[in-house]
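Residue-level structure breakdown
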Amino acid sequence: MAPYPGRFEADVVLSDGGTVHVRPIRSDDDARLESLHSRLSAETVYLRFFSPMPRLSPELVQRFVNVDYEDRMALVAVLGDELISVARYDRLPGTRDAEVAFVVDDAHQGRGVATLLLEHLALAARENGIERFVAETLPQNRRMLDVFRSAGFGDERSFGDGVVAVSFHIDPTPESALAAERREHVASKKSVERLLAPRSIAVVGASRDPASIGNAIFRHLLAGGFAGPVYPVHPTAFHVAAVRAYPTILDVPDDIDLAVIVVPADAVPDVVDQCALKRVRAIAVISAGFAEVGTDEGRAAERALVQRARGNGMRLLGPNCMGVVNTAPAVRMNATIAPTMPPAGRVAFASQSGALGIGIIEEAAALGVGLSTFVSTGNKADVSGNDLLEYWEDDDGTAVVLLYLESFGNPRRFARVARRISRRKPIVAVKSGRAHRAGDALDGPMSRTAALVSTDTAVDALFRQTGVIRVETLAALFDVARVLDAQPLPRGRSVAIVANSGGPGLIAADACEGAGLDVVSLADLDAAATPDDFAAAVRDAIDDDGVDSVLMVFAPVVPGRTAAIATAIREAAVDAPKPIVANLLGADGTPAGAVPSFRFPEDAALALARVTEHAEWLARPEGSVPDLDRTSIAAARLIVDTALAESPTAGDARGVWLDPATATELVRTYGIDVLETRFVESVDDAVAAADALGYPVALKAGSGDILRKTEEGAIALDLTSADQVRRAWSDVAERLGDRMGGGAVQPMAPAGVKTVAGVVQHPSFGPLVMFGAGGAAGELLGDLAFRVLPLTDVDAAELVRAPRSSPLLFGHRGAPPADVAALEELLLRVGRLVDDIPEVVEMDLQPVVASPAGAVAVDVRIRLAPYAPDPEYVLRRLR
């Protein structure tokens, strides 16, 4: 029997937004299994066993709970301490098929439990070499037949002897991946609804002390006009703010959707347990004293808190958060310490920092930015920005999403969700923290490029690919939001500036050019320009087909005209098909109605530039991950598994660096072109290889540990005879001694542009595909660009063009242009290799010579490390 596979334990969200814990069955589940069976209706028992079975025999119970976790596997869904569902497979002897069966507690049918367990069970089966599930079910068991159909694997059915036989391959398909993504979206959205649109709220810790946080949140809920009942909970208070209080949440006579918990940290677990007994649907923990204190005890307490909540069906916001706001008329919830409800609007805001919460809400009100919802995520122990994005995607009251992020819990899920949502609603983000390089977690030698990758580099790559608009400050966050919320998107980068003073107009023009916009006209009105003059100039710019956006700059030379000018601009801009922004100098941000107004021209230009970049991202093709020929996952898997099995260092964090011959063999299994190389052990072999390849040749040390071969004298170029090969071998061997590691003989690389390509591993973001300038100059300047996986054809094209030196590839100064399509294909093959073989954690192809004839790698370095599959990448789970 295989050991208990704890990696398959997961907290998951069901289709109604509730949570359960999924884990492999254990031998001590016998009583829980009998209890589940006793709760099943006679119909459910008949559909599962094809006959009445009031109770399970002891022998059958023991067979069900004792599995080998390989040929026989069972997963259970646990809520509290009860099993509510079991899914199992039994391999058919001597085959790669397994019979699959499910049972779900009647009280929990229709919540998507069986479909979710099927996803998880299929992953376990694939790991154990099973390729196909088969099942027999009664024709009237529509629920189970729907489970098989909705999974997206494409099942085949036949009818005979009164049963329906179903079979389907369990390898992931585009259809199954899309179906799982849709189910994840619905589940996440429903779970966030429990937080943002509750029908009833209890504030646990709502004391009578007006200076306390609990009292403030309770009063703010009342003052905001929450559209449902609000119950104060306090162990000794009889009433709070003239509302009857209850000693515990269990004493509240009605159902509770949301519990806001404001008690000392050590009291929170007991309150959560009470919420579980009360069947509260969601909790927001305002209390601090958990992981944010930086101690092992605090982190352990937070993990236990999450397990308590999820294991009992509840989503948890926080801890250490400021709460939530929903301005929708049907909700009107201000469950925060902010004293006033923000103005209603179409902008949603998620902030990881609770301390910024009050300031954010007050700033939004001052700028006239209406909020649909505001969420302080705090420690993000459970509910994260990814969950909120899933909710806001379908929220009719939200048009723009703002994020203040300090960390990413699951960058891959963020990439998948944000890329989809950005095409419907703009996402604007501030990401704090620019430290931490990818190489910081590794000791010893590494590639020359891995150490260059900071978290900021990874974030920038992630945001660029997913269409997230990145800004540097909270002020810029609101600036961009105001333009997106009130104005149409521009068609291009051309800007017309209308100003009544030469100096401010020139400053605005410089700011636009500096932000990457093209100033096509500067209408310099005189200082005495009237509101009608401004309105006419703005209308002229709107009517100009060569103008994509308009920036109006007003300096109050004549006192008292600011309001009239603002009105004129607003009226001129009504229903304009292009964005118009205003800079009213010295006017304290006097709003120009629907036209966003900024105090300084630089702010207006920067906001306009970010919106323009987003419009360009929307206009580009979405891209796809193309099918590639000349790839063999089986051949690559054999090389990697063999190397890891034979390496004594494979089990530690460093993994193992492949020798150059094996590294070259590995990349060739994915069709990556490498310069023909003969690896040799002696000078005679080197001469024979050179004769076979044809002169001139290059001779280099065979060791993969020498990173800078030229600097260390580990390479000799343009060798034109056997005598030169022999002398070169002698010279390299004398310089390097035992470090030489044999030799490698190659024909001279074709003339072309030296680039570098490969993969670096970031501790939070995973593998990043890299491309940039090669050689010493590239290393010195760090002219590199990165993209996260999966890499689409559009991503690859942009990656080739991202380095500053990329013009060299396109015929710079009359040089013949390189085959850029071949470079793009090489990058796609690199991305596919790492996606398929995640044990490849670092790859360095340097140089890759790009020429009119194609793109060929000269040297290959690869580091492998064992890979523990994270089911999040292939199925639904919380983390």
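Note that the structure is a prediction, hence the values are computed from the model and not measured.

Reading the values: rules and limits
- Residues numbered from 1 in each chain as written.
- Predicted model: local features only at pLDDT ≥ 70, side-chain atom pairs only at ≥ 80, totals over all residues.
- Heavy atoms only, no water.
- Buried < 20%, exposed > 50% of the residue type's maximum accessible area, 1.4 Å probe, protein only.
- Helix = DSSP H or I, 4+ residues; strand = E, 2+ residues; numbered from the N terminus.
- Arc of directions from axis to C-beta.
- Contact = heavy atoms within 4.5 Å.
- Pairing = 2+ DSSP bridges.
- Axes fitted to C-alpha atoms, helices over the stretch in contact; angles between N-to-C directions.
- Patch = residues over 30% accessible without salt bridge, like charges linked within 9 Å, V, L, I, M, F, W, Y side chains within 5 Å.
- Areas by Shrake-Rupley, 256 points an atom, 1.4 Å probe, with all protein chains shown as cover.
- Salt bridge = Lys/Arg side-chain N within 4 Å of Asp/Glu carboxyl O.
- Lys, Arg positive; Asp, Glu negative; His and termini not counted.
- Charge placed at Lys NZ, Arg CZ, Asp CG, Glu CD.
- Parallel < 35°, antiparallel > 145°, perpendicular 65-115°, else oblique.
- Left-handed = near helix turned anticlockwise from the far one by under 90°.
- Nonpolar A, V, L, I, M, F, W, Y, C, P; charged D, E, K, R; others polar.

Inspection of helix α5 (residues 142-150) places Met144, Leu145, Val147 and Phe148 among the buried residues, and these make up the whole buried set. The buried residues of α5 occupy one face: seen down the axis, they fall within an arc of 150°. Check the buried side of α5 and you find it contacts β5 (97-104), α4 (113-127), β6 (132-137), β7 (156-160) and β8 (163-169). Gly152 sits one or two positions beyond α5 and adopts a positive phi of about 85°.

Read across the sheet, 4 strands follow the order β29-β32-β30-β31 without closing on themselves; strand pairing throughout is antiparallel. Either end of the sheet is taken by a strand with one partner, and the two such strands are β29 (678-680) and β31 (715-719). Strand-to-strand twist across the sheet, computed as the mean angle between neighbouring axes with direction ignored, equals 20°. Here β29 runs beside strand β32 (residues 743-747); their pairing, made up of 3 bridges, is antiparallel. Note on β32: the bridge partner recorded for Phe679 is Ala744. The strands touched by helix α22 (residues 722-736) are β29, β30 (697-701), β31 and β32; relative to β31, the strand with the most contacts, the crossing angle is about 170°.

This part covers a negative patch on the surface. Among the surface-exposed residues, Asp524, Asp526, Asp532 and Asp533 lie close enough to one another that they form a single negatively charged patch. Note on placement: Asp524 falls in strand β24 (residues 518-524).

Here we take up the packing of helix α16 (residues 531-543) against helix α17 (residues 562-572). At their nearest, the axes of α16 and α17 sit 8 Å apart, and the two run at 30° to each other. The angle between α16 and α17 places the two elements in the roughly parallel class. In this structure, the crossing between α16 and α17 has a hand that is right-handed. Between α16 and α17, the contacting residues are Pro531, Phe534, Ala535, Val538, Arg539 and Ile542 on the first element and Ala564, Ile565, Ala568 and Ala572 on the second. For the contact of α16 with α17, a count of residues per class yields 9 nonpolar, no polar and 1 charged.

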